[in-house]
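A closer look at the structure
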Amino acid sequence: EGFFGTYPFEKYGHVLTRNWVGGMEDQSLTVLGREEALSGDPALLSHELGHQWFGDLVSPKQWSDLWLNEGWATFCELLWFEHTNPKKAIRTLKTWRKSTIRLAMRSHPHTLHKPDPDNLFNPNLVYNKGGMVISLLDGFLGRARFMKATQAYLAEFGTKNASTEDFQSVLTRSSGVNLKPFFDAWVRQNALPQIAWDVKTKKEGKGFRTTVTLRQVNGHFPMTAALDLLGEKAEDKLRLMARFDKTEVTIEGHTSFKPQRTNFDPLRLVPWVPAEPASK
């Protein structure tokens, strides 16, 4: 409720069945396999509860908008782990990242915007990549602005059907950020940003100023990622954040140590690949 607003129904319950069903949300009620339910799997329970807002309060306009259900419910797993188990949250992001990279590397012909009609519930696509894209959007806008925009979306389309275009439109209007490049890059195609960077360090007073220029060489993929400046000692580290609101961004860091190397996306939490060096 702190993220999305008041729970939208009078009550919430669970039905347990001896048959294996995993989880299946229904409005105000989730059906769970007995074994899965009694295991207390927090990912499953938070996922199905998230569906009360994303799926039952706002339902997809077409089957092609299914990622708005499953991507959001999958992202709710991350929100729970951020609160209870930060290490698990990192592992969850890494799983989504691998799925997103795997789809792009295999030149998967389907996208979040146009999923495979013969495999609508593809776990790598509508679940893992869906969760990854919601997470990327959260990082790009910032948590406070993102959740304010999300609440505006739920308020406008609550008890109605919404499309990907509706979601994009409300978030753009609420956040004040043009999100067409984001949706074009992450929702309407299966591709990865190819990233290159240049580093320049110079002495400045008693320390050093390092300027890092990062470039997405194959188009614009709006996202936010960390970059570490590292020195000779283990404690010599400064973490910077790069926000790709355009294809080339520059960030600066001031350190008491001389940086020896850089590490982009050190925890490997966002999907990208290194740009191939230019041929000579």
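Details of the structure are given in the entry above.
Rules behind the numbers
- One numbering rule holds for all chains: residues counted from 1, following each sequence as written.
- Where totals are concerned, whole chains, interfaces and linings use all residues; where local detail is concerned, this predicted model gives features only for residues with pLDDT of at least 70, and gives and counts side-chain atom pairs only at 80 or more.
- Values reported for side chains reflect all heavy atoms of the structure, with hydrogen atoms and water molecules removed beforehand.
- Angles run from 0 to 180 degrees between N-to-C directions of axes, and those axes are lines fitted to C-alpha atoms, restricted for helices to the stretch in contact.
- A helix here means a DSSP run of H or I that spans at least four residues, while a strand means a run of E at least two residues long, and both kinds are numbered starting from the N terminus.
- Working definition: roughly parallel below 35 degrees, roughly antiparallel above 145 degrees, roughly perpendicular at 65 to 115 degrees, and oblique for all remaining angles.
- Two residues qualify as a contact provided that any one of their heavy atoms is within 4.5 Å of a heavy atom in the partner residue.
- Residues are grouped as follows: Ala, Val, Leu, Ile, Met, Phe, Trp, Tyr, Cys and Pro are nonpolar; Asp, Glu, Lys and Arg are charged; all remaining types, including Gly, are polar.
- Strands are labelled as partners when DSSP assigns at least two bridges between them.
- Only buried residues count toward a nonpolar core, which is a set of Ala, Val, Leu, Ile, Met, Phe, Trp, Tyr and Cys residues joined through side-chain atoms within 4.5 Å.
- Each residue gets one of three labels from its accessible area relative to the maximum for its type: buried under 20%, exposed over 50%, partly exposed in between, using a 1.4 Å probe on protein chains only.
- As used in this structure description, the phrase polar contact means that two N or O atoms lie within 3.5 Å; if the pair is within protein, one of them must be able to donate a hydrogen and the other to accept it, and residues adjacent in sequence are counted only when both atoms belong to side chains.

1. Things to note about the packing of helix α3 (residues 67–84) against helix α4 (residues 86–105)
Where α3 meets α4, the closest approach of the two axes is 6 Å, and the angle between their N-to-C directions is 150 degrees. Judged on the interaxial angle alone, α4 and α3 are roughly antiparallel. Between α3 and α4, the residues in contact are T74, F75, L78, F81, E82 and T84 and P86, K88, A89, T92, L93 and W96, respectively. Considered class by class, the residues forming the contact of α3 with α4 number 7 nonpolar, 3 polar and 2 charged.

2. Details of the sheet that holds strand β8 (residues 224–230)
With antiparallel pairing, 3 strands are arranged side by side in an open sheet as β9-β8-β11. The open sheet has two edge strands with one neighbour each: β9 (237–243) and β11 (261–264). Looking at each pair of strands side by side, their axes are set apart by 25 degrees on average, direction ignored. Bridge analysis of β8 against β11 gives 4 bridges, and the strand direction is antiparallel. Looking at β11, one finds that L227 is bridged to F264.

3. A closer look at the nonpolar core
Residues Y153, F167 and L214 are the most contacted members of the largest nonpolar core, which totals 65 residues. Top contributing element to this core by residue count: helix α5 (residues 123–141), with 9 residues. Sequence-distant contacts of L214, that is, excluding residues within four places in its chain, are made with I195, A196, W197, L227, A242, F244, T247, E248, V249, I251 and F264.

4. What to know about the side chain of D228
Position of D228 among the secondary structure elements: in strand β8. Engagement of the side chain of D228 in a polar contact is seen with the side chain of R239, the distance being 2.7 Å.

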